[in-house]
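# Descriptive structure summary
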Amino acid sequence: MSGALLRAEGVVAGYRPDSPILHGVSAEVGRGEVVTIIGPNGAGKSTLVKAIAGLVAVSDGSIRLAGNEIANTPAHRLPARGVAYVPQTDNVFGTLTVHENLRLGAAPLPRRAAARRFDAAYAAFPVLGERRDRKAHVLSGGQRQMLALARALVPEPELILLDEPTAGLAPRVAAEVLALVRGLAARGVAVLMVEQNARAALGVSDRGYVLVEGRNRLEGRAAEIAANADLGAVFLGRRPPVRRPAPRAGAG
Amino acid sequence: MFLQHVADGILSGAIISLGAIGLTLTMRILRFANFAHSELLTWGAYSALVFVGFFMAMDEALGGPIGPLSFGWALVAAAVLAGGLTAAVALLLDRVVFARLRGHAGHMTLVFASFGVALLVRNVILMGFGPDPFYYSNELQIAVRVGAVRVMPDQIFVLGLTAVLVVLLHLFMTRSRTGVHMRAVAENPSLARTSGVDVDAIVRWTWVIGATGAAVAGVLYGLTVQLRPELGFSLILPLFAAAILGGTGSLYGAVIGGLVVGLSENLSVMVIPSGYKPAVPFLLILAILYFRPQGLFGEPR
Amino acid sequence: MTGVFSYLVFFLVIALILGVAVLGLNLQWGFTGLFNAGVAGFMAVGGYAAAILIGPSRDAVAGGFELPFVVGLAGAMAAAGAAAAVVGVATLRLREEYLAVATFGIAISIQLVALNWEYLTGGTLGLIGIPNPAAQLADGPLARNVLYLGIVLAAAGLAYAGLGRIVQSPWGRTLKAIREDETAAASLGKNPVRLRLEAFVLGSAIMGLAGGLYVGFIGYVSPFDFQPILTFQIWTMLIVGGSANNRGALLGAVLVWAIWTTSGFIVSKVVPPDLQAQSGALQAVLIGLLLVAMLLFRPRGLIGEEEHVSRHVRP
């Protein structure tokens, strides 16, 4: 994968410099490729995606997009550089209308380019076009996920980062969302996603990474990872995976 | 008598609304209760006084009254300049004090710092202008009868201007890109940031809009009441009452809240001794926090 | 020499009375993270309550029960605690800045009551002739002040020791845990709202105690003794000394009161007497600058908090 669009190498990152959550994680995503990161709770999956999205400080390693270093770029500059990020929860503006949510997606664009993109978004997601002037908080869970994706796609990103896009969705809606994700890759977008629902996510992915305790444990073709017996042990919960320390009392 | 109190209540309510809009925006977007906000009203009112003096010194005719109003173009121009100067002061205070505390200090430290800043601004004005009241103009006005109510032409102007400013602000918040971004940051700053919104720029916009509104409210207060160094201090509770009543962050809530506070204050004198009038906003705050803490227009959490 | 000594005694009495109020504020802000913007109001409630309980009876004014001084102080604490409960119950389950707004409001309202409810408070004239407990035991102003300093030292010492024990008790440690991480503390089955209310009421009662001590010393009470600037002074004392540290609270009280009185002395020499309002403003600006500068450059105060609580690693 020497031509990978995104190349993260030896990333050390966390909320506090003295206690990083990622201890040197590497990952690559090529154009038109769907890559899924899986691993037990607390493995640092979301942290990796947030570090790429500029929300978590990177203290060591590099994150390159098409060869350019993007580590520690302020989060609001990344959409203009072709990186979109859809968080797991609260990923739409509930007090804004559907159309205003799309206008947020156009934040990195020059004013004139925006209108055409909105038409494209409504064409791709007709269900949103029908609810253009509704407040986003009245939408169903699936429709919100569509809106979050549509908003992220307005600036036509090269790389899209998805944090658990199917969390909390009914299985049928989750499958719909994953099919959409596959469709994005078909259009040449690079997709990096984090999923709890590992089997379903690997089903639409090209490759996968397994993280455990902030380190790379395993990587390979999605089908191989899904078939790997070790994997079940690590995160599908067939036997207790990595032992976590018991939660500490509030006061020490 | 009742109708007269209603008319006076709407008038003072309009001024409170204008001040409370800025306060509610700060509470929502900057996420702290800014006790220094009402001192921006004092600052705006006194800077307009200085500018009026300038214009009058340049050309006496500028001070001549416009139609039935008590003031001339000098005050209109002075109010615009005062708005700009007050916005600049708000940005400076943010740069020097609040921005440094944002992020690393607990958010109540910001509330606390605003307390100190309020004390500073108030006393700097007191040092500069002394404790005695000032007026923009000494013109006498003839009251107009509207039904059973007497109103001054200035008071009608105040109401009209407030209505125009509220409509303009509404259009700004719903139509303009910056306005939509402001509402997005108010709801979810992190999501707005990852969507490509420069949150720091939105914070600066918030200060500019809030401070300009405060300056205009201060000038209108000075016009219809008088200029005193404690002008802002005496409005701290009414402004907070309006913002909390309307539901923190709600623009229209702040407007309605301001009117409710103004009306309650003025009608209260029919029931309780007028010496207790300044306590009315506090009683409103207590009542709303007991019974409907999300405010009249806020959504329950 | 006796002049200097008697002034020093006078100065220390006032500084330590204010120090007691700072200890109360420290329980609220330093140990619990509650913002009280109406310290002067709670001190006023205590001052008036004490004055009504121990003051001489007179016509047209309520109270004048001529009760013992200690009863007056207990009443001061109870009254200030009750006032705190009124705003605490309304606000402590809500966003934390609502407490700031409500305490600011109650202080303003208390001042209005002090000014307007003449039957209870004597209005603008206030209540005079409050017996000084030290006067009955000592002859002459100096001996009286020295004796009163002893009373204040005892009160401050009691408050200091009591609060020290409370902070180290399981109750106090839970308070700190709540301040650091409310959700974690709540998950251990502690009711954060109730604990904060208790801390808030207790802290305000201590402010009421300071108000009672003050009134007992100066012998009268009027609305002008508890102006909003007093709230700033108490806060500055806490921040300068270092919040969450009771020794710092007392040190800050003495230090800031020294700065305040010295600056007042200098300003009165420099500024002509007809500009009295401006010279008061200059003093307020100085204290405001001190406060903001401490927040920006030395937020932990002169004596910072002692680390007792483990640092939480947030995910």
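To start, this report covers the structure provided alongside it. None of the values given here were measured: they were computed from a predicted structure.

To continue, consider the overall build of chain A. Looking only at helices and strands, one finds nine helices and ten strands in chain A. Of all 252 residues assigned to chain A, the portion counted as buried reaches 53%. If you take every contact in chain A between residues at least 6 apart in sequence, the share linking residues at least 24 apart comes to 66%. A total accessible area of about 11,200 Å² is found for chain A, and carbon and sulfur atoms account for 49% of it.

Bringing the overall build of chain B into the picture now. Helices and strands together make up the secondary structure of chain B, namely eleven helices and two strands. Secondary structure elements of chain B occur, N-terminal to C-terminal, as α-α-α-α-β-β-α-α-α-α-α-α-α. Relative to its length of 301 residues, chain B is compact, with a C-alpha radius of gyration of 19 Å against a globular reference of 19 Å. Expressed as lengths along the three principal axes of its C-alpha atoms, the size of chain B is roughly 55 × 50 × 40 Å. Buried positions account for 58% of the 301 residues belonging to chain B. A sequence separation of at least 24 residues applies to 74% of the contacts in chain B between residues at least 6 apart. Taken as a whole, chain B presents about 11,800 Å² of accessible surface, with 69% of it coming from carbon and sulfur. If you average the places of the 17 positive and of the 14 negative side-chain charges in chain B, the two averages end up 11 Å apart.

Residue and element names in this part refer to chain B. Tracing the backbone shows Thr162 in helix H5 (residues 153-175). Residue classification places Thr162 among the buried residues on the basis of a relative accessible area of 6%. In this structure Thr162 touches Ala14, Leu18 and Leu220, once residues within four positions along its chain are discounted.

A few words now on unusual backbone geometry. At Glu156 of chain A, a residue that is not glycine, the phi angle is positive and equals roughly 50°. For Glu156 of chain A, the location among the structural elements is in the loop between helix H5 (141-153) and strand S7 (159-163).

Turning our eyes to something else, we now look at the interface of chain A and chain B. On the side of chain B, 19 residues touch chain A, which itself brings 23 residues to the contact. Note on chain A versus chain B: buried area summed over both sides is about 1,900 Å², and carbon and sulfur give 54% of it. Counting the surface chain A buries against chain B, the share from its top three residues, His76, Phe93 and Arg103 of chain A, is 31%. The partner of Arg183 of chain B in a salt bridge is Glu100 of chain A, with the nearest N and O atoms 2.8 Å apart. Counting across the interface, chain A meets chain B through nine residue pairs in polar contact (both at pLDDT 80 or more). Of the residues forming the side of chain A that touches chain B, the biggest block, three residues, is contributed by helix H2 (residues 98-105) of chain A.

Our focus in this paragraph is the interface of chain B and chain C. The interface is formed by 43 residues belonging to chain B together with 46 residues belonging to chain C. Where chain B abuts chain C, roughly 4,000 Å² becomes buried across the two surfaces, and 81% of that area is made up of carbon and sulfur atoms. It is Met108, Phe112 and Phe115 of chain B that lose the most area in chain B upon contact with chain C, and together they represent 18% of the buried surface on that side. At the boundary of chain B and chain C, one finds zero salt bridges. Where chain B touches chain C, the interface holds four residue pairs in polar contact (both at pLDDT 80 or more). Mapped by element, the contributors of at least two residues to the side of chain B that touches chain C are helix H3 (73-101), helix H4 (107-129), helix H9 (231-246) and helix H11 (280-291) of chain B.

Bringing the packing of aromatic side chains into the picture now. What the rule picks out here adds up to 26 aromatic pairs over all chains. Pairing Trp29 of chain C with Phe35 of chain C gives two aromatic rings, centres 6.0 Å apart and planes at 90°, and the pair type is edge-to-face. Its relative accessible area of 1% is what places Phe35 of chain C among the buried residues. Ring centres of Trp29 of chain C and Trp235 of chain C lie 5.4 Å apart, and the angle between their planes is 70°; on these two criteria the pair is classed as edge-to-face. One end of the pair, Trp29 of chain C, is in helix H1 (residues 2-30); the other, Trp235 of chain C, is in helix H10 (residues 228-241), with 206 residues separating them in the sequence. The same class applies to Trp29 of chain C and to Trp235 of chain C, which are both buried. Aromatic rings pair up to connect Phe35, Phe112, Phe115, Phe233 and Phe240 of chain B together with Trp29, Phe35, Phe104, Phe232 and Trp235 of chain C into one cluster.

Below, the discussion takes up the environment of Leu165 of chain B. All names here are of chain B. The topology assignment puts Leu165 in helix H5. Distance from Leu165 to Gly213, taken between C-alpha atoms, is 8.6 Å for residues 48 residues apart in sequence. Ignoring anything within four residues of it in the chain, the contact list for Leu165 reads Leu18 and Val216.

Residues and elements named next belong to chain A. Residues Val83 and Tyr85 line one face of strand S6 (residues 83-86) and the alternating positions Ala84 and Val86 line the opposite face, and both faces are buried. Sheet analysis places S6 next to S7, joined by four bridges and oriented parallel. Across the sheet, residue Val83 finds its bridge partner in S7, namely Leu159.

Looking now at the packing of helix H1 (residues 2-30) of chain B against helix H8 (residues 199-224) of chain B. The description of two packed helices rests on the angle between their axes and on the distance between the axes. All names here are of chain B. Contact geometry of H1 with H8 gives a least axis separation of 9 Å together with a crossing angle of 160°. With respect to H8, the axis of H1 lies roughly antiparallel. H1 and H8 meet at a crossing whose hand is left-handed. Between H1 and H8, the residues in contact are Leu11, Ile15, Leu18, Gly19, Gly22, Leu25, Thr26, Ile29 and Leu30 and Ile202, Val203, Thr206, Trp207, Ile209, Gly210, Gly213, Val216, Ala217, Leu220, Tyr221 and Thr224, respectively.

Looking now at the pattern of salt bridges. Residue and element names in this part refer to chain A. Counted according to the given criterion, the structure contains twelve salt bridges over all chains. Residue Arg31 is joined to Glu158 by a salt bridge in which the shortest nitrogen-to-oxygen separation is 2.7 Å. Of the two residues, Arg31 sits in the loop between strand S2 (22-29) and strand S3 (34-38) while Glu158 sits in the loop between H5 and S7, which places them 127 residues apart along the sequence.

For the rest of this paragraph, the subject is the sheet that holds S3 of chain A. Residues and elements named next belong to chain A. An order of S6-S7-S8-S3-S9-S10 is seen for the six strands of this open sheet, with the pairing classed as mixed. With partners counted over all chains shown, the strands left at the sheet margins are S6 and strand S10 (215-221), one partner each. Strand-to-strand twist in this sheet, taken as the mean axis angle between neighbours without regard to direction, amounts to 15°. Bridging between strand S9 (residues 207-212) and S10 involves six bridges; their strand directions are antiparallel. If you follow Val210 over to S10, its bridge partner there is Leu218. H5 rests against S6 and S7 of the sheet, and its axis sits at about 165° to S6. The strands that helix H6 (residues 171-186) touches are S3, S7 and strand S8 (190-194); relative to S8, the one it contacts most, it runs at about 150°.

Time to look at the packing of H5 of chain B against helix H6 (residues 177-187) of chain B. All names here are of chain B. As a packed pair, H5 and H6 sit with axes 5 Å apart at the nearest point and diverge in direction by 80°. As far as their axial angle goes, H6 and H5 are roughly perpendicular. The segment H5 lies against H6, with Phe172, Met173, Thr174 and Arg175 engaging Arg177, Thr178, Gly179, Val180, Met182 and Arg183. Considered class by class, the residues forming the contact of H5 with H6 number four nonpolar, three polar and three charged.

Core analysis: the largest hydrophobic core is formed by 203 residues, its most contacted members being Tyr136 of chain B together with Phe35, Met43 and Ile234 of chain C. For this core, the element with the highest residue contribution is H1 of chain C, accounting for 15 residues. For Ile234 of chain C, the residues in contact, after removing those within four places along its chain, are Leu18, Ala21, Val22, Leu25, Val39 and Met43 of chain C. If you look at the next biggest cluster of nonpolar residues, it comprises 39 residues, including Leu139, Ala150, Leu162 and Leu184 of chain A.

On to the sheet that holds S2 of chain A. Residues and elements named next belong to chain A. As summarised here, the arrangement of the four strands in space is S2-S1-S4-S5, forming an open sheet in which the pairing is antiparallel. Looking at strand neighbours, the two that pair on one side only are S2 and strand S5 (68-69), the edges of this open sheet. Note that strand S4 (residues 58-65) and S5 share two bridges and pair antiparallel. Residue Leu65 lies in a different strand from S5, and its bridge partner there is Asn68.

Take the pairing of S9 of chain A next. When you tally the buried positions in S9 of chain A, you get six out of six residues, the bulk of the element. Between S9 of chain A and S10 of chain A, which pair antiparallel and follow one another directly, the connecting turn spans two residues, one of which, Glu213 of chain A, has a positive phi of 50°.

What counts as what
- Residues numbered from 1 in each chain as written.
- Chains lettered and ligands numbered in written order.
- Predicted model: local features only at pLDDT ≥ 70, side-chain atom pairs only at ≥ 80, totals over all residues.
- Heavy atoms only, no water.
- Helix = DSSP H or I, 4+ residues; strand = E, 2+ residues; numbered from the N terminus.
- Buried < 20%, exposed > 50% of the residue type's maximum accessible area, 1.4 Å probe, protein only.
- Contact = heavy atoms within 4.5 Å.
- Areas by Shrake-Rupley, 256 points an atom, 1.4 Å probe, with all protein chains shown as cover.
- Rg over C-alpha atoms; globule rule 2.2 N^0.38 Å.
- Lys, Arg positive; Asp, Glu negative; His and termini not counted.
- Charge placed at Lys NZ, Arg CZ, Asp CG, Glu CD.
- Buried area = accessible area lost by both parts, 1.4 Å probe.
- Salt bridge = Lys/Arg side-chain N within 4 Å of Asp/Glu carboxyl O.
- Polar contact = N/O pair within 3.5 Å; in protein donor to acceptor, adjacent residues only side chain to side chain.
- Phe/Tyr/Trp six-rings, centres within 6.5 Å; stacked < 30°, edge-to-face > 60°.
- Pairing = 2+ DSSP bridges.
- Axes fitted to C-alpha atoms, helices over the stretch in contact; angles between N-to-C directions.
- Parallel < 35°, antiparallel > 145°, perpendicular 65-115°, else oblique.
- Left-handed = near helix turned anticlockwise from the far one by under 90°.
- Nonpolar A, V, L, I, M, F, W, Y, C, P; charged D, E, K, R; others polar.
- Core = buried A, V, L, I, M, F, W, Y, C linked by side-chain atoms within 4.5 Å.

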